[in-house]
Amino acid sequence: YPRLLLAKDLLRDDGVIFISIDDNEQAQLKLLCDEVFGEENFLGDFVWRRRASSALAERRVSSDHEYEMAYHRGEFSSFGIPKDYKNFSNPDNDPRGEWVSGDLTVGMGADERPNQFYDLTDPKTGKCYPPNRNRVWSYIPESMDRLIAEGRILFPSDVNRRPMLKRFKNELKSDANPMSTWLVDVGLNTEATKDIQNLFQSNIFDYSKPLSLITHLIQTSTTGHDVVLDFFAGSGTTGEAVMRLNAEDGGNRQFILVQIPQPIDPKKQKEAHRFVTETLGRPE
């Protein structure tokens with residue numbers, strides 16, 4: 001609680017805080033953060049799969065995920081995930097540029113959107129394409145006629161297939177997709193374990209976060225000149241993620257790592273000191 005109060009004071013108006021938590025304390029943390037940051041500033045609960053299923057799981061339920069609970073001060077917006085334009089092309093030399101075919105229906109039924117439930121006719125061939133009662137057209141007839149006149153509707157030769165909409169690259173409203181709360185493109189804890197073992201030939205730290213997870217959060221949330229503060233430095237993953245991102249995109253992000261004093265296994269402390277001495281030179 002004291003650290004959260006301090007974090008709120010330190011957080012910029014356009015800043016964001018991510019807090020790692022598992023199921024045991026997630027509900028309590030949500031209530032606490034609602035009080036400190038305000039529930040209106042809850043950004044999302046990002047779900048991260050931290051391990052493969054355990055064969056020793058009690059009652060055959062393996063808790064394999066953790067959360068990255070996120071709050072902001074009111075002005076934060078994620079940079080999202082850069083869009084992949086590899087599917088865009090211009091096979092018909094359309095003067096409006098590269099395009100991709102998109103769905104022309106919407107997830108609404110005929111009862112909900114009766115004015116979007118109608119037969120769609122190709123004016124050039126006269127072929128009629130019946131609507132789907134469970135997934136009506138995206139546009140009312142007047143708007144659809146305008147799109148047809150503009151050459152934006154792709155009619156297949158087979159009336160059993162669906163017409164598609166031309167979506168032009170230069171008309172996209174954003175060059176990024178929203179950051180999903182389902183973190184599927186980051187590694188498990190084993191990624192961090194392997195990295196540490198490769199460095200120290202021993203598991204010096206327990207339950208370290210994988211570099212890919214922290215990198216993802218920083219990459220989608222910071223500019224090249226932001227400051228990243230980690231209240232629980234641990235093995236220093238946050239510092240490494242910041243330095244690697246700066247090297248990749250030429251940024252000048254800075255990081256502050258905080259670690260409170262805590263008992264350290266003398267054996268692990270000795271192994272860490274040996275690594276620093278042999279690999280990096282004797283510390284002054």
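Computed from a prediction, not measured in an experiment: that's the story for all the values here. (Residues numbered from 1 in each chain as written. Predicted model: local features only at pLDDT ≥ 70, side-chain atom pairs only at ≥ 80, totals over all residues. Heavy atoms only, no water.)

Draft legend 1. Local environment of the sheet that holds strand S8 (residues 153-154). Pairing is antiparallel across the open sheet formed by three strands, whose spatial order is S5-S9-S8. Edge positions in the sheet fall to strand S5 (99-102) and S8, since each has one partner strand and no second. Here two bridges tie S8 to strand S9 (residues 164-168), and the two strands are oriented antiparallel to one another. Each bridged residue has a counterpart across the sheet, and for Ile153 the counterpart in S9 is Leu165. (Pairing = 2+ DSSP bridges. Helix = DSSP H or I, 4+ residues; strand = E, 2+ residues; numbered from the N terminus.)

Draft legend 2. Expanded view of the pairing of strand S12 (residues 227-230). Side-chain alternation along S12 places Val228 and Asp230 on a buried face and Val227 and Leu229 on a face that remains uncovered. Pairing between S12 and strand S13 (residues 254-257): four bridges, direction parallel. By the bridge assignment for S13, Val228 is matched with Phe255. (Buried < 20%, exposed > 50% of the residue type's maximum accessible area, 1.4 Å probe, protein only.)

Draft legend 3. Summary view of the nonpolar core. Membership of the largest hydrophobic core comes to 17 residues, with the highest contact counts inside it found for Leu183, Leu213 and Ile218. Of all the secondary structure elements, the ones that give two or more residues to this core are strand S2 (42-49), helix H5 (211-219) and helix H6 (237-249). Top element by residues in this core is H5. It accounts for five residues. In terms of nonpolar packing, the next biggest core, distinct from the first, is built from 15 residues, Leu4, Leu11, Val47 and Phe231 among them. (Core = buried A, V, L, I, M, F, W, Y, C linked by side-chain atoms within 4.5 Å.)

Draft legend 4. Focus on the pairing of strand S3 (residues 65-72). Most of S3 sits out of view: seven of its eight residues are buried. Relative to S3, strand S1 (residues 16-21) runs antiparallel, the two sharing six bridges. If you follow Ile19 over to S3, its bridge partner there is Met69. Here S2 pairs with S3 via seven bridges, running antiparallel. Along S3, the bridge assignment pairs Trp48 with Glu66.

Draft legend 5. Looking closely at the environment of Cys128. Tracing the sequence through the fold places Cys128 in strand S7 (residues 128-129). With 27 residues separating them along the chain, Cys128 and Phe155 place their C-alpha atoms 9.8 Å apart. In contact with Cys128, other than residues within four places in its own chain, are Asp119, Leu120, Thr121 and Val159. (Contact = heavy atoms within 4.5 Å.)

Draft legend 6. Main features of the pattern of salt bridges. Applying the stated criterion across every chain, the model contains 18 salt bridges. Across the salt bridge formed by Asp94 and Arg96, the nearest N and O atoms sit 3.0 Å from each other. Of the residues examined, Asp94 reaches a relative accessible area of 7% and is grouped as buried. Classification of Arg96 by relative accessible area gives partly exposed; the value is 25%. Taken together, the shared-partner salt bridges in this structure form one network comprising Asp92, Asp94, Arg96 and Lys166. (Salt bridge = Lys/Arg side-chain N within 4 Å of Asp/Glu carboxyl O.)

Draft legend 7. Fine view of a nonpolar patch on the surface. Residues Leu6, Leu10, Val227, Leu229, Ile256 and Val258 make up a contiguous nonpolar surface patch of roughly 480 Å² in combined accessible area. Its location among the elements puts Ile256 in strand S13. According to the relative accessible area criterion, Ile256 is partly exposed, its value standing at 43%. (Patch = residues over 30% accessible without salt bridge, like charges linked within 9 Å, V, L, I, M, F, W, Y side chains within 5 Å. Areas by Shrake-Rupley, 256 points an atom, 1.4 Å probe, with all protein chains shown as cover.)

Draft legend 8. Representation of the side chain of Arg50 within the structure. Relative to the assigned elements, Arg50 resides in the loop between S2 and S3. Using a relative accessible area of 17% as the deciding quantity, one classes Arg50 as buried. The contact partners of Arg50, leaving out residues within four places of it in the chain, are Ser63, Asp64, His65, Glu66, Leu188 and Asn189.

Draft legend 9. Broad picture of the packing of H5 against H6. Contact pair H5 / H6: the axes reach a minimum separation of 9 Å and the direction vectors enclose 60°. Comparing the axis directions of H5 and H6 gives the class oblique. Classified by chirality, the crossing of H6 by H5 is right-handed. Taking contact as the criterion, the partners of Leu211, Ile214, Thr215, Ile218 and Gln219 in H5 are, on H6, Thr237, Thr238, Glu240, Ala241, Val242, Arg244 and Leu245. Residues of the contact of H5 with H6, tallied by class, amount to six nonpolar, four polar and two charged. (Axes fitted to C-alpha atoms, helices over the stretch in contact; angles between N-to-C directions. Parallel < 35°, antiparallel > 145°, perpendicular 65-115°, else oblique. Left-handed = near helix turned anticlockwise from the far one by under 90°. Nonpolar A, V, L, I, M, F, W, Y, C, P; charged D, E, K, R; others polar.)

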